[in-house]
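# Overview (structure and organization)
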Amino acid sequence: MEDLLQVGIISSTHGVRGEVKVFPTTDDVKRFQKLKTVLLDTEKEQLCLEIENVKFFKQFAILKFKGYDNINDIEKYKGKGLFVTRENAVELEEDEYFIADLIGIRVISDDERIKGSLKDVITTGANDVYVIGLEDGRELLLPAIRECILDVSVADNLMKVHILEGLLD
């Protein structure tokens, strides 16, 4: 399991006073209001940044970090990811999972004929869709609904699924 969970990516600067526009990679952009710090992955090191102010613009969060007071201080971090530790992650409801915990999980059908691993999660308006790489090289797009996802055990690295008729055609 990942120790850090990504909550956003700095997409650009916002104004000249050190604010950044953040594309959220979390379900709820408003969660930035509750965060006090985030970890910035510069690819060379991880910097702990204290959030001084949060605003919202369209689907973006506009963040101001303490000690970064002009555009030159923060511009070099465009495109970099913002992370939180598991302790600062949102609490999950029953049958909810972090995508980072699902990627790579072994997948087996209830009749044990289909085996593979989860490669990606596509977020749609109605429900997520799991991209499963099958052992025979094909890909299966499986809706993340109760009729298809029978059991998930992150601890056992196993997802048991039911494949609806027509999904493998």
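What follows concerns a negative patch on the surface. On the surface, Asp27, Asp28, Glu91, Glu93 and Glu96 cluster together into a patch of negative charge. Of note, Asp27 is situated in the loop between strand E2 (19–24) and strand E3 (37–41). Using a relative accessible area of 86% as the deciding quantity, one classes Asp27 as exposed.

Let us now look at the nonpolar core. Looking at soluble globular proteins, one finds that nonpolar side chains tend to be buried together. If you look at the biggest cluster of nonpolar residues, it comprises 24 residues, and the most contacted ones within it are Val22, Phe32, Val38, Leu63, Phe65 and Leu82. At the level of secondary structure, the elements contributing two or more residues to this core comprise strand E1 (4–14), E2, E3, strand E4 (46–57), strand E5 (60–65) and strand E6 (81–85). Looking at which element gives the most residues to this core, the answer is E4, with four residues. Sequence-distant contacts of Phe32, defined by excluding residues within four places in its chain, comprise Val7, Gly8, Val22, Pro24, Thr26, Ile51, Val54, Ala61 and Leu63. Within the second largest apolar cluster, 17 residues are counted, among which are Ile114, Leu134, Leu140 and Ile163.

Summed over all chains, the structure comprises two aromatic pairs. On the numbers, 6.2 Å between centres and 65° between planes, the contact of Phe23 with Phe60 is edge-to-face. Note that Phe23 is positioned in strand E2 and Phe60 in strand E5, a separation of 37 residues in sequence. With a relative accessible area of 16%, Phe60 lands in the buried category. With centroids separated by 6.3 Å and ring planes inclined at 75°, the aromatic side chains of Tyr68 and Tyr77 adopt a geometry described as edge-to-face. Tyr68 gets classed as buried once you look at its relative accessible area, which sits at 17%. Assessed through its relative accessible area of 9%, Tyr77 is described here as buried.

Rules used in this analysis
- Residues numbered from 1 in each chain as written.
- Predicted model: local features only at pLDDT ≥ 70, side-chain atom pairs only at ≥ 80, totals over all residues.
- Heavy atoms only, no water.
- Patch = residues over 30% accessible without salt bridge, like charges linked within 9 Å, V, L, I, M, F, W, Y side chains within 5 Å.
- Areas by Shrake-Rupley, 256 points an atom, 1.4 Å probe, with all protein chains shown as cover.
- Salt bridge = Lys/Arg side-chain N within 4 Å of Asp/Glu carboxyl O.
- Lys, Arg positive; Asp, Glu negative; His and termini not counted.
- Charge placed at Lys NZ, Arg CZ, Asp CG, Glu CD.
- Helix = DSSP H or I, 4+ residues; strand = E, 2+ residues; numbered from the N terminus.
- Buried < 20%, exposed > 50% of the residue type's maximum accessible area, 1.4 Å probe, protein only.
- Core = buried A, V, L, I, M, F, W, Y, C linked by side-chain atoms within 4.5 Å.
- Contact = heavy atoms within 4.5 Å.
- Phe/Tyr/Trp six-rings, centres within 6.5 Å; stacked < 30°, edge-to-face > 60°.

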